[in-house]
Amino acid sequence: HLPVTGNLISIAVEPPGRVAEVRALVKHLFPAVKTHKGPTNCGFTSKEYHTWLRKNCGVGSGSKFISDAILNRSREFLEGLISGYFAGDGCLWADSNGAIQVTAVTTSEQLRNDLIFVLQHLGVLATAWNAPRMHINSNWNDAYGLRVISPHLSKLKSWFFYSDRQEKFEKLLNNKK
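Residues numbered from 1 in each chain as written. Predicted model: local features only at pLDDT ≥ 70, side-chain atom pairs only at ≥ 80, totals over all residues. Heavy atoms only, no water.

The four strands lie next to each other as S4-S5-S7-S6, forming an open sheet whose pairing is antiparallel. Of all strands in the sheet, those with a lone pairing partner are strand S4 (90-94) and strand S6 (127-131), marking the two edges. Averaged over all neighbouring strand pairs, the angle between strand axes comes to 25°, with direction disregarded. In terms of strand pairing, strand S5 (residues 100-106) meets strand S7 (residues 143-149) through six bridges, oriented antiparallel. When the bridges of S7 are listed, Gln101 appears paired with Ile149. Contacting S4, S5 and S7, helix H4 (residues 75-89) runs over the sheet at an angle of about 80° to S5. Together, S5, S6 and S7 form the strand contacts of helix H5 (residues 109-121), whose direction differs from that of S7 by roughly 20°. (Pairing = 2+ DSSP bridges. Helix = DSSP H or I, 4+ residues; strand = E, 2+ residues; numbered from the N terminus. Axes fitted to C-alpha atoms, helices over the stretch in contact; angles between N-to-C directions. Contact = heavy atoms within 4.5 Å.)

Bridge count between strand S1 (residues 8-12) and strand S3 (residues 41-45): five bridges; the pairing is antiparallel. Looking at the pairing, Ala12 lines up with Asn41 of S3. Pairing of strand S2 (residues 35-37) with S3, which is carried by three bridges, proceeds in the antiparallel orientation. Bridged to Thr35 within S3 is Phe44. If you look at the hairpin formed by S2 and S3, you'll find three residues sitting between the two strands.

Attention now moves to the pattern of salt bridges. In this structure the tally under the stated criterion is four salt bridges. Residue Arg18 pairs with Asp164 through a salt bridge whose shortest N-O separation is 2.8 Å. In this pair, Arg18 is assigned in the loop between S1 and helix H1 (19-29) and Asp164 in helix H7 (residues 163-176), connecting sequence segments 146 residues apart. Taking the relative accessible area as the measure of exposure, Arg18 reaches 10% and is therefore buried. Judged by its relative accessible area of 40%, Asp164 falls in the partly exposed class. Among the ionic pairs, Glu109 bridges to Arg112, the shortest N-O distance being 3.7 Å. Taken together, the residues Glu109 and Arg112, both in helix H5 and three residues apart, mark about one turn of the helix. In this structure Arg112 comes out as buried when scored by relative accessible area, which is 4%. Each of Arg18, Glu21 and Asp164 takes part in a single network of salt bridges with overlapping partners. (Salt bridge = Lys/Arg side-chain N within 4 Å of Asp/Glu carboxyl O. Buried < 20%, exposed > 50% of the residue type's maximum accessible area, 1.4 Å probe, protein only.)

It is worth spelling out the pairing of S7 at this point. Counting buried residues in S7 gives five out of seven residues, a clear majority hidden from the surface. For S6 and S7, the ladder comprises five bridges, and the chain directions are antiparallel. Paired with Ala128 across the bridge in S7 is Leu146.

This part covers the layout of surface pockets. Considered as a void within the structure, the largest pocket measures approximately 2000 Å³ in volume. The element contributing the most residues to the lining of the largest pocket is H4, with 11 residues. Here the residues of the lining of the largest pocket are counted per class, giving 27 nonpolar, 12 polar and seven charged. (1 Å grid on protein atoms, 1.4 Å probe; cavity = no way out; pocket = protein on both sides within 12 Å on 5 of 7 lines; lining within 4 Å. Points joined across faces, edges and corners; volume = space filled by probe spheres on them. Nonpolar A, V, L, I, M, F, W, Y, C, P; charged D, E, K, R; others polar.)

Take a look at the structure:
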C-alpha cells in the first residue's frame, strides 16, 4: 500500500505469522531503511523507494501495473517478482485427477496482463480469465485472473516466496510425475 502523501510503504501480510519473514526480506533488500512491524503488515519509510514504486507499479489496487523498467530486468529478477507476487496473491490448486494449477486474481486488468507478459517472457504459458463482480455488489471491483496449468509449472525454479508453500507445491508437482 502506498499512501497518496508521505513516504510510507506498507506491505500487507497474511497470515500475520509471516510478518517476520517479510520484514527480514525488506531488511535484506533495503538495509538502510528502518522497518515498522504491525500485526498484519510490514512497513518502512523511504522517499526513494516510495517514488520508484509509484512510478513503476502504480497506486491503488485497480491501477497497478508493471512498467517497462521492470519488464526489462534480468530473468532472475523477473522470477523473483513472480515468486513474490504468487506468495501473496497466488493460489495453488490440485484436483482429484492430479491436475495442478497456480492462479492469481487482481482488480487491475493491466497488472494481470503484465504478469502474463512476464510469464511468457520466462517461457511459461498462462491464460487469462475475467471475474465480473460489480453486478453482484456495486462496492466490489471486477477481477482479472490468470492461470498456469501443470505442463508449464516446472519451467520456473520457484513459484512461491514462502518456503513451506514452495515445498507443498513441489511435493504436489513431483507426485504428479
